[in-house]
Amino acid sequence: DGRLMRGANGNAAELGHIPLTLDGPRCGCGNQGCWEAYASGTAIARRTREALAAGRRSSILGFAGTIDQVTTYHLFQALAEKDALATEIWDQSIDYLGRGLGAVINTFNPDMIALHGGMTKAGSQLFGPLRKEVATRCFDDAWQLVQTRIGSLQGRELVGYVRARARSLVMNEAARTIAANGGRGGKIEKIGNEAGFLLQREVDVAGSLLRCCTQVE
């Protein structure tokens with residue numbers, strides 16, 4: 001609707017902290033079972049290291065060298081060779097990511113889901129199964145709107161889109177503030193400060209949405 005969702009005190013859209021389970025791995029926020037503790041690139045790498053440390057055999061270790069050096073990139077390499085452990089962890093990750101995206105779509109009814117980060121380099125290995133998983137997790141009419149636009153923006157195109165949306169929202173909010181002041185320009189400093197906050201908050205909110213799904217450290 002052209003308005004930036006900020007929440008009562010500016011903490012809206014921390015989607016990575018949607019709880020998927022009542023307990024589970026400890027999240028960086030201190031809670032347990034958060035979405036990003038399951039579906040982020042960091043979480044995927046952690047689960048992979050845990051499986052290897054527990055004695056699971058995999059070509060992942062050959063690509064990484066040592067368990068401590070394992071990243072999602074090494075899982076991708078093993079996945080290309082149809083490694084059993086890599087396939088198992090990747091399928092789990094698609095499931096976790098699909099659960100969270102289904103909740104987001106059912107709650108906010110967006111017309112686009114933008115993903116970024118190292119996981120998106122998996123290309124069709126990510127987006128193909130992810131679309132199938134999300135389709136089982138959300139309302140049909142909401143899914144019909146968003147299905148072809150999951151991951152449709154990547155890299156520089158995504159950055160450009162976020163900047164354009166930020167600019168649009170800043171202008172909309174500034175215009176509303178001016179209108180609320182009866183069209184008078186006597187509070188330009190306040191409007192300017194609000195616009196600056198909106199710009200930063202738009203980037204923060206977008207970053208929160210994207211990082212919770214796909215960040216790979």
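Right above here is the structure, for reference.
Below or above, wherever it landed, is the structure these notes cover.

Thresholds applied
- Residues numbered from 1 in each chain as written.
- Predicted model: local features only at pLDDT ≥ 70, side-chain atom pairs only at ≥ 80, totals over all residues.
- Heavy atoms only, no water.
- Phe/Tyr/Trp six-rings, centres within 6.5 Å; stacked < 30°, edge-to-face > 60°.
- Helix = DSSP H or I, 4+ residues; strand = E, 2+ residues; numbered from the N terminus.
- Buried < 20%, exposed > 50% of the residue type's maximum accessible area, 1.4 Å probe, protein only.
- Contact = heavy atoms within 4.5 Å.
- Axes fitted to C-alpha atoms, helices over the stretch in contact; angles between N-to-C directions.
- Parallel < 35°, antiparallel > 145°, perpendicular 65-115°, else oblique.
- Left-handed = near helix turned anticlockwise from the far one by under 90°.
- Nonpolar A, V, L, I, M, F, W, Y, C, P; charged D, E, K, R; others polar.

With that settled, consider the packing of aromatic side chains. Given two aromatic rings, one states the distance between the centres and the angle between the planes to describe the pair. Counting across every chain of the model gives 2 aromatic pairs. When the centroid spacing of 5.4 Å and the interplanar angle of 85 degrees are considered together, the rings of Phe76 and Trp90 count as edge-to-face. Residue Phe76 is located in helix α4 (residues 72–80), and its partner Trp90 is located in helix α5 (residues 84–108); the two are separated by 14 residues in the primary sequence. Here Phe76 and Trp90 have matching classes, each one buried.

Bringing the side chain of Glu133 into the picture now. Summarising the element assignment, Glu133 is placed in helix α6 (residues 124–135). Owing to a relative accessible area of 17%, Glu133 belongs among the buried residues under this scheme. For Glu133, the contacting residues outside a window of four places in its chain are Ile94, Asp95 and Gly98.

Contact pair α5 / α6: the axes reach a minimum separation of 9 Å and the direction vectors enclose 50 degrees. When the axes of α5 and α6 are compared, the pair comes out oblique. Note that α5 runs across α6; the crossing there is right-handed. Only Gln125, Leu126, Pro129, Leu130, Glu133 and Val134 of α6 make contact with α5, whose side of the interface consists of Trp90, Ile94, Asp95, Leu97, Gly98, Leu101, Gly102 and Ile105. Looking at the contact of α5 with α6 residue by residue, the classes come out as 9 nonpolar, 3 polar and 2 charged.

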